[in-house]
Amino acid sequence: MYEWIKAFHVMAVIAWMAGMLYLPRLMVYHVESPVGSIQSETFKIMERRLLKGIINPAMILTWVLGLYLAWSAFGFKGGWLHGKILLVFILSGIHGYLVGRVRAFAEDRNDKSARFYRIINEVPAVLMAGIVILVIVKPF
Ligand code: HEM
């Protein structure tokens, strides 16, 4: 059973990360579309669907299955696990921040530049590298 749960955990992680890497990229292009244009309205729909249809459910599944794995096999013990959970907290914080940005775009009140979204776009990738090293190498 454990291996099955882990397989579904990794599938949820892939979906979450795909969305977390793509959403700020959409916002880079969205900033460059004039307010009220067809492109801007299309980006709003793409952002909302990506968030509601993929990123939100994938994050919940990742957390639920990850916490089950951490509890059932490791009793929530291990420096690598604590480090991993910390990084996942930060990733979830960025997720929450992006929810706010989707709302701001939906109401035509974005005040951030394309450069800002380009920088934000790199953060989930860096966190993901740290998380994967911690869970697979378990360096401490
Ligand atoms: C709070 C949320 C999470 C918790 C509590 C958690 C916990 C765990 C645990 C306990 C395992 C099993 C490790 C083992 O059997 O050796 C696991 C596997 C895994 N987790 Fe997570 N995880 C979480 C979120 C994430 C995220 C966000 C990612 C990637 C960005 C991730 C990537 C992985 C990968 C790739 C594996 C498979 C490692 C292997 O080959 O054994 N997890 N997770």
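Procedures and definitions
- Residues numbered from 1 in each chain as written.
- Predicted model: local features only at pLDDT ≥ 70, side-chain atom pairs only at ≥ 80, totals over all residues.
- Heavy atoms only, no water.
- Donors = N, O, S within 2.8 Å, 3.2 Å for Na, K, Ca; no water.
- Tetrahedral: all angles 85-135°; square planar, octahedral: opposite > 155°, others 65-115°.
- Helix = DSSP H or I, 4+ residues; strand = E, 2+ residues; numbered from the N terminus.
- Buried < 20%, exposed > 50% of the residue type's maximum accessible area, 1.4 Å probe, protein only.
- Near = heavy atom within 4 Å.
- Polar contact = N/O pair within 3.5 Å; in protein donor to acceptor, adjacent residues only side chain to side chain.
- Nonpolar A, V, L, I, M, F, W, Y, C, P; charged D, E, K, R; others polar.
- Contact = heavy atoms within 4.5 Å.
- Patch = residues over 30% accessible without salt bridge, like charges linked within 9 Å, V, L, I, M, F, W, Y side chains within 5 Å.
- Areas by Shrake-Rupley, 256 points an atom, 1.4 Å probe, with all protein chains shown as cover.
- Salt bridge = Lys/Arg side-chain N within 4 Å of Asp/Glu carboxyl O.
- Lys, Arg positive; Asp, Glu negative; His and termini not counted.
- Charge placed at Lys NZ, Arg CZ, Asp CG, Glu CD.

Around the iron atom of the ligand, the protein supplies His9 (NE2) and Lys84 (NZ) as donor atoms, at distances of 1.7 to 2.1 Å. Around the iron atom of the ligand sit 6 donor atoms, and with donor-metal-donor angles ranging over 85 to 178° the site reads as octahedral. Of this pair, histidine 9 sits in helix α1 (residues 2–31) while lysine 84 sits in helix α3 (residues 79–106), placing them 75 residues apart in sequence. Grouping residues by exposure puts histidine 9 and lysine 84 together as buried.

Around the ligand, the structure places 21 residues, and the nearest of them are Tyr2, Lys6, His9, Lys84 and Lys138. At 2.9 Å from an oxygen atom of the ligand is found a side-chain nitrogen or oxygen belonging to lysine 6. Here lysine 138 contributes a side-chain N or O atom positioned 2.6 Å from an oxygen atom of the ligand. For the shell around the ligand, the secondary-structure elements that each account for two or more residues are α1, α2 (38–74), α3 and α4 (114–137). For the shell around the ligand, a count of residues per class yields 15 nonpolar, 3 polar and 3 charged.

Attention shifts here to the environment of phenylalanine 76. Along the polypeptide, phenylalanine 76 turns up in the loop between α2 and α3. Residue classification places phenylalanine 76 among the partly exposed positions, given a relative accessible area of 36%. Setting aside anything within four residues of it in sequence, one finds phenylalanine 76 in contact with Leu67, Ala70, Trp71, Leu81 and His82.

Judged by side-chain charge, Arg48, Arg49, Lys52 and Arg103 come together as a positively charged surface patch. Of all the elements, α2 adds the most residues to the positive patch, at 3 residues. Owing to a relative accessible area of 58%, lysine 52 belongs among the exposed residues under this scheme.

Function cannot be inferred from these measures alone, as they are strictly geometric.
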